[in-house]
Structure formats: C-alpha cells, structure tokens
Amino acid sequence: MNGNLEAEERQDQRPEQELTWSWGYRPRSALDRVKAMAPPPPLAPSTPLLHGEFGSYPDRGPRFALTLTPQALHIQRLRPKPEARPRGGLVLLTEVSGCCTLRSRSPLDSAAYFCVYTYPRGRRGARRRAARTFRADGAATYEENRAEAQRWATALTCLLRGLPLPGDGEITPDLLPRPPRLLLLVNPFGGRGLAWQWCKNHVLPMISEAGLSFNLIQTERQNHARELVQGLNLSEWDGIVTVSGDGLLYEVLNGLLQRPDWEEAVKTPVGILPCGSGNALAGAVNRHGGFEPALGIDLLLNCSLLLCRGGSHPLDLLSVTLASGSRCFSFLSVAWGFVSDVDIQSERFRALGSARFTLGTVLGLATLHTYRGRFSYLPATVEPASPAPAHGLPRAKSELTLAPAPAPPVAHSPLHRSVSDLPLPLPQPALTSPGSPEPLPILSLNGGGPELAGDWGGAGDAPLSPDPLLPSPPGTPKAAQLSPISEGASEMAASSGLPPPTPGAPVSISAGGPPDHLLPPLGTPLPPGWVTMEGDFVLILAILPSHLGADLVAAPHARFDDGLVHLCWVRSGISRAALLRMFLAMERGTHFSLGCPYLGYAAAHAFRLEPLTPRGVLTVDGEQVEYGPLQAQVHPGLGTLLTGPPGCPGREA
C-alpha cells in the first residue's frame, strides 16, 4: 500500500524563551543584541550526543545505527550486513535544512518516524535534495517510540539553530522556541526573470523543511519594497528576507531608516537569497559561512541553508550624502569610474543575468576612460592586515568649496496594496526537483511546515501522517493572523544611544538615521587628520563587505562589522591588459599581491569624493545616483544581517 507523508506547522504556545544566537528571540537592547549574536560554548566536533538503532523506511529490512555529533549525523548499516565503506553514511549538518517526525496512519503500527532533509553535493559539485526517513521501533508502544523520534528531531533542530542542549537533562520539544516568522520579498523580474521560479522550486521547499513560518510578497515596481517596510508592524517579524539581487535589500534598508522609529526598525534582521544578476552581499555571506565560491543555483542553495540555520551578525552601514543634500544608506559600495560605468552600461544586457557584467567589462576595456577628481578620506587608526598599498599617499587638506543645492522636498507615494495584505492566500503548487527521485514539499505559505507528497511507502506500508513536535492546543488557528501592512507611521523610538558628535563639528541633516558626526557639510574644509589626493583615476571604489560581486572578492580581509570602509582606486596610466589581470585576480581575492603600481588601498571611517570631470556615473549599491560631490561615513553595526553560523573557509574541500 502506497502512502503520503504530510506535515503540519509546529507552534509553541508557551511564553517566548530567551535564546542566544538563534531563531525565535528578538533582542531589543544593545546588550541583548550582543548576547544573542554570541554562539553557545562549542562542543568537540566528535562528541557523541545521541546514539541509537533505527529501522528504515520504506524498506523494512535494513537496520541502522545512528550517532549524532555537533557537526554530523553518522549512519552505519547493521543489517543485512555492515558496510565497510558506507555510501551516504556521513550527513554533515551544514548540508541539512531541517527534520520532522511522522507517524503511521495504520493503528497497528506502533513505530514513529524521523525524517531528515539534506542537500549534499553530487559528483559534479552541484547540490541535490535528499530525504532520509528512519523508523523508531525499539519500544512496544507508540508513545515511547514517538518520544524517541522527537528526542532526535529536537536535538538535531537545536544543533541546526545554535540552541544549547542540556548537559544531563532530558531532551524534549520544550527546548524549542516558536517557529521564526519571516517576511519574504521577491522581485519576480530578478535573475533574467527566473527569481520567482527559483523561489518556488528551491527557497520555499527548503525553509518549509526547516520549520520556518513565512509570508511572501512579490514586488511590482521600483521602491515597492521601500514602501512596504515603512508600513510594517515590525514586532510581528523575526526577519525580512529579500529574494532578488542587491537592489531589493537596498530598498528595504533605506525604507527602515526612513521610518519615524528608525532606531528600532533598523535592528530588524535582514537577509538576502540571491536571485538577481548582482549578488555581492550573498557572495560575502557564502564566504562567511565557510562554503566554496558558488554562482547561480548553488549560491542560492548555500545561502538558503545558512538562513535555515539562523544566526545573525552586526552589519555596518554607510551613510552617503549627495550633492543635493539628500542622504541614503549603503550596505555594499560606492563606485565611480570603470566599475560604475560597467554596472550602469550593462543594464541593457540584463537578460544575460550575471554574464552582463562580463560583457560590460569587455566593452568597458575597449573604451577605457579616465576621470579627474579629488578624493579624501579619514584613515582608520588601526588598519586590518592586508597587502600594503603599492602607491604612497600625500597628506594634504581639501580646500574645495562647493555650495550644495537645497534638498528637494521628499514626496512619499501611497502604499501600493494590490499584492495582498498579510497573510497571503497564495497557490500551493506541487514542486519537483529535476533529477531527484523524491518529491519536494507542497507548500503552506502562511506558516505551515512541509507537506511531503508522493509515493513514500513500500509494498504493504501504511501512509504516514504528521506528528508535530509542538502540537497546538484545541482551538488554536492553524496560522497566526498577522496585522495587515499599515500605511501609518509606527511609534517613535527612544534615543539611539550614539556617541555625541565631535565638539564644533557640523552634523549633516537627515530625515532618518544617525547623524554623521565625522563629516562637515559638503563644500566646507575638511578637519585635520584627513588624507587628500587629486589626479586622474580609472576607478574609485568604496566597499563595506568583502565582495563586489558573487565571484569578485574586492576586499578579502573585510568583515561585516569591522567598522571600516575599504577604499580601492586605480590611477590613470594602467594598461587594459593590466586592468584585466587585476579583475581576473579579484575572483580569487589576490589582486593586491600583483604588485600593480597603479592600484591603491586604504581603510577609512569616512571619505569625500569630488569629481572634477563634468560628466560621469556614480553608483551606490549598484544604483545610479546624482552626479557630483558626495561624502560618506561608516556607522558600525547599525544593521543586523542574517548570515547563519560562521564557518571555516574551505570546510567543504
């Protein structure tokens, strides 16, 4: 008899627990945020946490010995005979999205079932979904077998989410917090128009397997995400995740910082799942997680696995003041010259996906331009360990006086509500994974867990039904009703607690966000301690994370919270061949070791860029902004990024 596996959402109606470095706890104070981001004390990687014997499903014959350690699930076949070199005998937790417990619908079956969802790499390096189901049948009654299956599922979930396990205490589902609530914002036009398809086929199944509760909205136009987050009741969400390129996250962060309660709003953890042509931040998250460099679907699956694990990290943001006096916030980069030219001019090749940048680079090299400008920065007191810049820097003061034009009034568009208020009544198509013999979940988009459809049973097997770890009491609605998105302003937050500005230093005015206490107004002289250089440049790049693209490591030593902006520039005189070699070396992060005399680097807390060439292109996080002088300051740890647990570089090797 063939059967289906079904699963329900798991809900915890108990008071929210205080957790460290995990999903389910939303820290409010700065001290709480530090505690929440600190991982629990590590266990030895080989420490056995659980050991037991299980049957198999759907085949009834084989028996397995399972051993759970902090880093892996070890599987050894006991019957029909032990394997000398078992295939699939080691399941790394870095490849596990989640697990669940199930039960048979047959009243005669006293066994309980434990299912693990994994995404191992194949022979060619690509990830493929696999599900392993084990039969807990060592006891005479279903209740005892169910307790054993839940013990394993709880322990594995705690390890995946960074929750501490009791030393000698009993492992029960009471250790688990309620499922995290995520708001997914999807740009359906991202990634050559494949973003929505990738989201349905890969992202939604995986986070459903992880037991994460989520709602999903498709954005319909530019700045739609910015408007949405300005009206959200943020207390109902544990994170906002963009499924697109870097541009959608730029809208989200700037929308949060434009709220009246920006001081609390910007603490909302944000994440990114790469489905666009520019996936620089996702490349940095992938590297932080210890995965090998990846592109396309592999990068998406790596970042989705990290999201399922939970864990966040402080994120530096860059406040950028433009010539008009308007201000925006960057999490990625400010570019002028070759990089911004390629970024904007390759827009017409967007249908090519990430290959647009390759074509744009070739065309940019063919028509290489130089730009004259004045570049000043406030150097960091202690610079990170990195290859020493090959070009010496003169120390001088900038005396440029430019009167900025008055800032135009900001017009706020009404919130577009044609998508839906939350929760969203979205269709639930059956999803399939190419080349995978096992079916993927049918999705419950309003907080449900995976419903596993298809032929999971062998001959004579009864269908299996869900056995949630945290059953809901009678009368509990299946999905918690969340407040609709409101167009009104949220409550004002208290003081930000930022350090006071430097005495006598003017502060830039902004509609939201912290003051730029390191920056005098544009057009006024810079204070002592700044370094200024003037000349002809091929490019100037100011970058926060390590990656300029998914496969371009522009600042290999950069961290999400190092409090620095990493400045790179290339002076005129460099040959096209040398510039091409530099970008090829940037794929490995070795461009500073080339010894190129035209390449310079500095770590700074703030900078000012004054173009002296009348025409050019400036970009902030890949978005074109008004051309003219600009300046920027780093605000350390202003945001919070969902990164998953940190990993050791090269751990997949």
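Residues numbered from 1 in each chain as written. Predicted model: local features only at pLDDT ≥ 70, side-chain atom pairs only at ≥ 80, totals over all residues. Heavy atoms only, no water.

Per an unreviewed UniProt entry, the chain goes by the name sphingosine kinase and belongs to Bos indicus x Bos taurus. Under the heading Subcellular location (unreviewed entry), UniProt records this for the chain: "Endomembrane system". (UniProt positions renumbered as here; feature names shortened; annotations may be inferred.)

Quick look at the overall build of the chain now. Looking only at helices and strands, the chain features 12 helices and 26 strands. Put simply, the chain has 653 residues, and 56% of those count as buried. Taking the intrachain contacts of the chain between residues at least 6 apart in sequence as the baseline, contacts between residues at least 24 apart amount to 74%. Only carbon and sulfur atoms are counted for the fraction: they give 56% of the accessible area of the chain, which is about 27000 Å². (Helix = DSSP H or I, 4+ residues; strand = E, 2+ residues; numbered from the N terminus. Buried < 20%, exposed > 50% of the residue type's maximum accessible area, 1.4 Å probe, protein only. Contact = heavy atoms within 4.5 Å. Areas by Shrake-Rupley, 256 points an atom, 1.4 Å probe, with all protein chains shown as cover.)

Quick look at the packing of aromatic side chains now. Across all of its chains, the model carries 13 aromatic pairs by this definition. With 6.0 Å between their ring centres and 80° between their planes, Phe-64 and Phe-134 make a pair best called edge-to-face. Note that Phe-64 is positioned in strand S2 (residues 63-68) and Phe-134 in strand S7 (residues 130-136), a separation of 70 residues in sequence. Here Phe-64 falls in the buried class, since its relative accessible area comes to 13%. Pairing Phe-592 with Tyr-601 gives two aromatic rings, centres 5.4 Å apart and planes at 70°, and the pair type is edge-to-face. Residue Phe-592 shares its accessibility class with Tyr-601, and that shared class is buried. Three or more aromatic residues joined by ring pairs form one cluster here, namely Phe-54, Phe-64, Phe-114, Phe-134 and Trp-152. The aromatic ring of Tyr-142 is capped on one face by Arg-103, whose charged end is 4.2 Å from the ring centroid. In this structure, Arg-127 packs its charged tip against the face of Phe-291, placed 5.1 Å from the ring centre. (Phe/Tyr/Trp six-rings, centres within 6.5 Å; stacked < 30°, edge-to-face > 60°. Lys NZ or Arg CZ within 6 Å of the ring centre and 35° of its normal.)

Along the chain, the position of Pro-293 falls in the loop between helix H8 (280-288) and helix H9 (296-309). Pro-293 sits in the exposed class, given a relative accessible area of 70%. Residues Pro-293 and Glu-587 lie 294 residues apart in sequence; the distance between their C-alpha atoms is 9.3 Å.

Moving on, we come to the pairing of strand S8 (residues 181-186). Taking burial as the measure, the six residues of S8 include five buried ones, the bulk of the element. Both S8 and strand S9 (residues 213-218) contribute to a ladder of six bridges, which runs parallel. Note that in S9 the partner of Leu-185 across the bridge is Ile-217. Note that S8 and strand S10 (residues 239-244) share five bridges and pair parallel. In the sheet register, Leu-183 faces S10, and the bridge partner there is Ile-240. (Pairing = 2+ DSSP bridges.)

We now examine the packing of H8 against H9. Between H8 and H9, the shortest axis-to-axis distance is 10 Å and the interhelical angle comes to 60°. Classified by the interaxial angle, the pair formed by H8 and H9 is oblique. Where H8 crosses over H9, the handedness of that crossing is left-handed. Of the residues in H9, those in contact with Ala-282, Gly-283, Val-285 and Asn-286 of H8 are Leu-299, Asn-302, Cys-303 and Leu-306. Its residues placed into classes, the contact of H8 with H9 shows five nonpolar, three polar and no charged. (Axes fitted to C-alpha atoms, helices over the stretch in contact; angles between N-to-C directions. Parallel < 35°, antiparallel > 145°, perpendicular 65-115°, else oblique. Left-handed = near helix turned anticlockwise from the far one by under 90°. Nonpolar A, V, L, I, M, F, W, Y, C, P; charged D, E, K, R; others polar.)

Our focus in this paragraph is the packing of helix H4 (residues 195-209) against H9. Where H4 contacts H9, the two axes come as close as 9 Å, and the packing angle between them is 25°. One element, H4, and the other, H9, form an angle in the roughly parallel class. Between H4 and H9 lies a crossing of right-handed hand. Taken together, the residues of H9 that come into contact with H4 (itself represented by Trp-198, His-202, Val-203, Met-206 and Ile-207) are Gly-296, Ile-297, Leu-300, Leu-301, Ser-304, Leu-305, Leu-307 and Cys-308. Residue composition of the contact of H4 with H9, by class: 10 nonpolar, three polar and no charged.

Of all nine residues in H8, eight are buried; the element is thus mostly enclosed. For H8, the complete set of buried residues consists of Ala-280, Leu-281, Ala-282, Gly-283, Ala-284, Val-285, Asn-286 and His-288. Residues of H8 that are buried in the fold lie against helix H6 (246-257), strand S11 (270-274), H9, strand S12 (312-321), strand S20 (547-549) and strand S26 (630-642).

Another aspect to go through is the state of the cysteines. Enumeration over the complete set of coordinates arrives at zero disulfides. Here Cys-100 is not cross-linked by a disulfide; its sulfur's nearest cysteine counterpart is in Cys-115, at 4.8 Å. Looking at the unpaired Cys-199, the closest cysteine sulfur is the one in Cys-275, lying at 6.7 Å. Taking relative accessible area as the criterion, Cys-199 reaches 0% and is therefore assigned buried. (Disulfide = S-S within 2.5 Å.)

Here we come to unusual backbone geometry. Residue Pro-58 is bonded to the preceding Tyr-57 through a cis peptide linkage, with omega at 10°. In this structure, Pro-58 sits in the loop between strand S1 (50-56) and S2. A positive phi angle is found at Asn-223, which is not glycine, with a value near 70°. Structurally, Asn-223 is set in the loop between S9 and helix H5 (224-230). Since its relative accessible area comes to 30%, Asn-223 is described here as partly exposed.

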